[in-house]
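Secondary and tertiary structure notes
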Amino acid sequence: MNTIEQIKVLSDMFGPSGFEDKVAAFVAEQLKDYAPEKDSMRNVRVEKEKDSDKPRVMLDAHMDEVGAIVQAVMPSGAMRFLPIGGWSMSSFPSSSFSICTKDGNLVKAVVAAKPPHFMNESERNRLPAVSDMILDCGTTSKEETEALGIGIGSPAVPDVACTFDEARGLFYGKAFDDRIGVAAMIDILQTLKDEDLPCNILGSFSTQEEVGERGVRINSRNLRPDVAICFEGCPADDTFQQGCMIQTALKKGPMLRHIDRSMITNWRFQKFALETAHANNIPVQEAVRSGGGTNGASINMQEGVPAIVIGVPVRYIHSHHCWCSLEDYQNAVKLGLALCRSLTPEIIAEL
Ligand SMILES: [Zn+2]
């Protein structure tokens, strides 16, 4: 499968946190030469050289995406729901979701908020809360909804098909956080499969990041990394920020984050990554963030493992409609490869 096709397939794939089975199966299939290991959370792990005593470089990307889950079916057939992961409430109304039935089929539903005609004054003047909204798949009774195979606990994801604009090198779709990272890691691991490297390379495809970096802890405990490189789809800021505050623009290369709410990046590793990018003429951006968090923090908090985050800029992350560029993706892959090839036991020992 070529790169563009693979990104489109991964973006379209159903996989909110806790329901990553399809993504895990796809990853395992693409990397079958590595004899991947899967656990009951559907984390996937690969290891380049089993039983090697070389330092262990773990690459990580999370397979889950933000979504929703049915909380209750109402007598009208419409559903109360809860968000899975961090959503802005203003992104929900009028958006379309695919609900997964118990047989694994997808049913289209719209998120409805009360029409203005039925609102009182205070409702008209505030943002809707999730408890004001419903998922409606066009049924007229609870029985009809349940007959579709939908009920309490049914998971849902944004209903969007990924497209790629060849002329502008732009993807439009959902779930680039973090399927773009998953795609990058598949590319990198396939490329490195038979290369002789100074370090052992481990692959961690983790679940449930969007609900609190859960799966990566199991991967990290199993793979016992000495250093880690996380591949992320990260929020682009170039349509909202000005001047020097633009730190993650589209088509300016992957972003290396010095700090966010969850982690202060090991500055020696960060410096090595920036120098490696510059030495290889790979464009990169640097960011200092007051919010956000990644799997890097969870890995870092386990035995203090130095972790960096390579983020591919994604506009309007955690929504249905995201832009992401092919060249940023390719530069993230190039940087990942350059780091895997240039990290040595001596460099790791000094981090
Ligand atoms: Zn993410």
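Residues numbered from 1 in each chain as written. Predicted model: local features only at pLDDT ≥ 70, side-chain atom pairs only at ≥ 80, totals over all residues. Heavy atoms only, no water.

A few words on the coordination of the zinc ion. In this structure, His-62 (NE2), Asp-177 (OD), Glu-232 (OE) and Glu-232 (OE) serve as the protein donors to the zinc ion, at separations of 1.8 to 2.6 Å. Considering all four donor atoms around the zinc ion, angles at the metal cover 52 to 146° and the coordination shape is irregular. Donor residues binding the zinc ion come from one chain and are separated in sequence as H-x114-D-x54-E. Taken together, the residues span a long stretch of sequence, with His-62 in strand E3 (residues 56–62) and Glu-232 in strand E13 (residues 227–235) at a distance of 170 residues. (Donors = N, O, S within 2.8 Å, 3.2 Å for Na, K, Ca; no water. Tetrahedral: all angles 85-135°; square planar, octahedral: opposite > 155°, others 65-115°. Helix = DSSP H or I, 4+ residues; strand = E, 2+ residues; numbered from the N terminus.)

Leu-59, Phe-205 and Ile-229 are the most contacted members of the largest nonpolar core, which totals 62 residues. With residues up to four places along the chain from it excluded, the contact list for Ile-229 reads Val-57, Met-58, Leu-59, Asp-60, Phe-269, Ile-308, Ile-310, Leu-339 and Leu-343. Residues Val-66, Phe-81, Ile-99 and Val-107 belong to the second largest nonpolar core, which totals 19 residues. (Core = buried A, V, L, I, M, F, W, Y, C linked by side-chain atoms within 4.5 Å. Buried < 20%, exposed > 50% of the residue type's maximum accessible area, 1.4 Å probe, protein only. Contact = heavy atoms within 4.5 Å.)

Right, let's get into unusual backbone geometry. For the bond from Asp-177 to Asp-178, the omega torsion is 10°, close enough to zero to count as cis. In this fold, Asp-178 is placed in helix H5 (residues 176–192). Even without a glycine there, the phi angle at Ser-94 is positive, about 70°. Inspection of the secondary structure puts Ser-94 in the loop between strand E5 (79–84) and strand E6 (96–100). Since its relative accessible area comes to 64%, Ser-94 is described here as exposed. Non-glycine residue Gln-208 carries a positive phi angle of around 55°. A relative accessible area of 16% means that Gln-208 is categorised as buried.

Moving on, we get to the side chain of Arg-289. Here Arg-289 is to be found in the loop between strand E15 (285–288) and helix H8 (295–300). A polar side-chain atom of Arg-289 sits 2.7 Å from a polar atom in the side chain of Thr-248. With residues near it in sequence (within four places) discarded, Arg-289 still touches Pro-235, Asp-237, Gln-247, Thr-248, Arg-257, Ile-259, Asp-260 and Arg-261. (Polar contact = N/O pair within 3.5 Å; in protein donor to acceptor, adjacent residues only side chain to side chain.)

Inspection of the secondary structure assignment puts Ser-91 in the loop between E5 and E6. The spatial distance from the C-alpha of Ser-91 to the C-alpha of Lys-48 is 41 Å, given a sequence separation of 43 residues.

Glancing now at the packing of helix H2 (residues 21–30) against H5. Describing two packed helices takes the angle between their axes plus the distance from one axis to the other. Interhelical geometry of H2 versus H5 gives an angle of 15° and a closest axis separation of 10 Å. Here H5 runs roughly parallel to H2, going by the angle between their axes. Regarding H2 and H5, the two cross each other, and that crossing is right-handed. On H5, the residues touching Val-23, Phe-26, Val-27 and Gln-30 of H2 are Arg-179, Val-182, Ile-186 and Gln-190. Among the residues forming the contact of H2 with H5, the class breakdown is five nonpolar, two polar and one charged. (Axes fitted to C-alpha atoms, helices over the stretch in contact; angles between N-to-C directions. Parallel < 35°, antiparallel > 145°, perpendicular 65-115°, else oblique. Left-handed = near helix turned anticlockwise from the far one by under 90°. Nonpolar A, V, L, I, M, F, W, Y, C, P; charged D, E, K, R; others polar.)

This brings us to the pattern of salt bridges. Between side chains of opposite charge, pairing is possible as soon as their charged atoms come close. Summed over the entire model, instances satisfying the criterion amount to 20 salt bridges. Close ionic contact of Asp-159 with Lys-108 constitutes a salt bridge, the shortest N to O distance being 2.6 Å. Within this pair, whereas Asp-159 is found in the loop between strand E9 (155–158) and strand E10 (163–165), its partner Lys-108 is found in strand E7 (residues 106–113), the two being separated by 51 residues in sequence. For Glu-195, the salt bridge identified is with Arg-341, shortest N-O distance 2.7 Å. Separated by 146 residues along the polypeptide, Glu-195 in the loop between H5 and strand E12 (200–206) and Arg-341 in helix H9 (residues 326–342) bring together distant segments of the chain. Salt bridges here are not isolated pairs; linked through shared partners, they connect Glu-37, Asp-39 and Arg-45. (Salt bridge = Lys/Arg side-chain N within 4 Å of Asp/Glu carboxyl O.)

On domain assignment, one finds that the protein holds domain 1 (3–65 + 174–350) and domain 2 (67–158). Each of domain 1 and domain 2 has a C-alpha centre, and these two points are 32 Å apart. Listed per partner, the contact involves 13 residues of domain 1 and 19 residues of domain 2. For the pair domain 1 and domain 2, the summed buried area comes to about 1100 Å², and 73% of that belongs to carbon and sulfur atoms. Area buried by domain 1 at its contact with domain 2 is led by Phe-14, His-318 and His-320, which between them contribute 51% of it. Connecting domain 1 to domain 2 are two residue pairs in polar contact (both at pLDDT 80 or more). Taken together, the residues that form the side of domain 1 that touches domain 2 break down as four nonpolar, five polar and four charged. (Domains from an automatic or database assignment. Buried area = accessible area lost by both parts, 1.4 Å probe.)

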